[in-house]
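A look at the structure
Given next are the chains, with one letter for each unit.
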Amino acid sequence: MSDFRPLPDLAGRALGGAVMASNDAFFAEAENLLLPHEPVRHDEFGHKGKVYDGWETRRRRSAGQDWVVVRLGVPGIVRGVVVDTSFFTGNYPTAASLDGIGVEGHPTAAELSTMDWEPLLPESGLDGDARNAFGVESSRRVTHVRLTIHPDGGVARLRVHGTPVADPRPLDAGPVDLAALENGAAVTGCSNEFYSKPAQLISPGLARSMGEGWETARRRQPGNEWVAVRLAGAGAITLAELDTSYFLGNAPESARLTGCPAGGDPADPAAWVELLPRTRLLPDTRHRFVLPATTEVTDARLDAYPDGGMARLRLWGRLSAAGRSRLGRTWFDALPDAQAAAVLAAAGLPAGLAGMRPTLDAGPLPAELAALLDGPSAV
């Protein structure tokens, strides 16, 4: 991938990322690494020295390096990382490296320290006061990353860009948001993102301000703005939520939803069908529309008339058998070997079945493995 930065920041606090531990944060807290806004310059001094918007360790007087462990808000495959040293000029690290791990459950930082981590980025040189961007070659889904700085110093932000890969097992419990980024959905196209990124439309939680939604420039020509989303998997949408919260004088006048049926070509405009006809919207309102679940779709498109902003788009429904199978196999194929073995053991299956990967498009699988990966519909 030539530029990984349009992909979601899997570690971002806005997606639920969290700093679990660091070995040193003497001058500035490691939690600053994951803040969603860009770092800012501070000119004041505090009791421990100059104030920085980032993570800064003390000057190391012994061999070694400093580190921080981050739980990703959305597990996935890391495609690139940005180690941002903005405003750190005489106190930035000379280099940084990144490791990843995929685990079951909710381990503590102490438990993670005893496990085997896999390198994602080798020790790489850094520039001061710069957004140091590095591509990552990996095919494994990780749940945590560990940033190591060599030997010490300050980093303003850590961005871990990648492709979300959802765990399908919780999705079997009931209707799911097929458009949720954390479930594996992704924005595939957008007519205008002048003020903010459309990926915020499908991010977790409620927007807390207008800046946490999607907003276009004012349209001065005929037509309307739109955003397209590849769903977490093929399925039937039964409830659509179009949330214009915090958009008061700039909400769309109306909106329309269309979908591309399973087996159709999203690039063919004629393949799309209407899910919600053009419908009037109100400012600062969570609109909810019950839809007739007559068509299984793989993609959805929101048309906003003529322009404006929206806080969130939620498309609730159920995965089809084919959609659930593809999601389950994509997830299993991306697991690190140790986590794949743990998943199989928890299901009472032999660890040797992990050797059948990749399972996606591999044809029939042993019945017990198919039941695990393809979901309840396979039983």
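Throughout, a residue's number is its position along its own chain's written sequence, starting from 1. Totals for whole chains, interfaces and linings use every residue, but because this is a predicted model, local features are given only for residues with pLDDT of at least 70 and side-chain atom pairs only at 80 or more, for both listing and counting. Hydrogens are left out, water is left out, and the side-chain values use all remaining heavy atoms of the structure.

Quick look at helix α4 (residues 367-374) now. Here α4 has its buried residues at Leu369, Ala370, Leu372, Leu373 and Asp374. The contact criterion used throughout is that any non-hydrogen atoms of two residues lie within 4.5 Å. Numbered from the N terminus, helices here are DSSP runs of H or I no shorter than four residues, and strands are runs of E no shorter than two. In this structure, the buried side of α4 is in contact with α2 (321-334) and α3 (337-346). Just past α4, the residue glycine 375 takes up positive phi, approximately 90°. The classification of residues rests on relative accessible area computed with a 1.4 Å probe and restricted to protein chains. Under 20% of the type maximum is buried, over 50% is exposed, and intermediate values are partly exposed.

Before going further, it helps to spend a moment on the pairing of strand β15 (residues 225-243). The element β15 is extensively covered by neighbouring structure, given that 16 of its 19 residues are classed as buried. Summarising the sheet, strand β13 (residues 186-190) and β15 pair through 4 bridges and their orientation is antiparallel. By the bridge assignment, cysteine 190 is partnered in β15 with valine 227. Here, a strand pair is defined by DSSP locating no fewer than two bridges between the strands. Where β15 lies against strand β19 (residues 296-305), 8 bridges are found, and the strand directions are antiparallel. Within β19, the residue paired with alanine 228 across the bridge is arginine 301. Inspection of the sheet shows β15 paired to strand β21 (residues 312-319) by 8 bridges, in the antiparallel sense.

Let's shift gears to α2. To estimate how far a helix should reach, multiply one less than its number of residues by 1.5 Å. With 14 residues, α2 extends 20 Å from end C-alpha to end C-alpha; this agrees with the ideal 20 Å at 1.5 Å per step. Counting buried positions over the 14 residues of α2 gives 10, a clear majority of the element. Buried-residue contacts for α2 involve β5 (66-84), β9 (141-150), β15, β21, α3 and α4.

Our next topic: the nonpolar core. By nonpolar core we mean a set of buried residues, namely Ala, Val, Leu, Ile, Met, Phe, Trp, Tyr and Cys, connected to one another through side-chain atoms within 4.5 Å. Core analysis: the largest hydrophobic core is formed by 60 residues, its most contacted members being Val83, Leu147, Leu231, Leu242, Leu257, Leu302 and Leu315. Tallying contributions element by element places β5 first for this core, with 7 residues. Not counting residues within four places of it along the chain, the set of residues in contact with leucine 302 comprises Leu201, Trp214, Glu225, Trp226, Val227, Leu242, Ala255, Arg256, Leu257, Met310 and Leu313.

Whenever Lys or Arg places a side-chain nitrogen within 4 Å of a carboxyl oxygen from Asp or Glu, that contact is recorded as a salt bridge. Enumeration according to the criterion identifies 24 salt bridges in this entry. With a closest N to O distance of 2.7 Å, aspartate 167 and arginine 169 form a salt bridge. A residue is classified by how much of its surface remains accessible, and arginine 169, at 31% relative accessible area, is partly exposed. Ionic pairing is found between lysine 197 and glutamate 193, a salt bridge with its closest N-O pair at 2.8 Å. The partly exposed category is assigned to glutamate 193, whose relative accessible area is 36%. Overlapping salt bridges bring together Glu38, Asp84 and Arg131 as one network.

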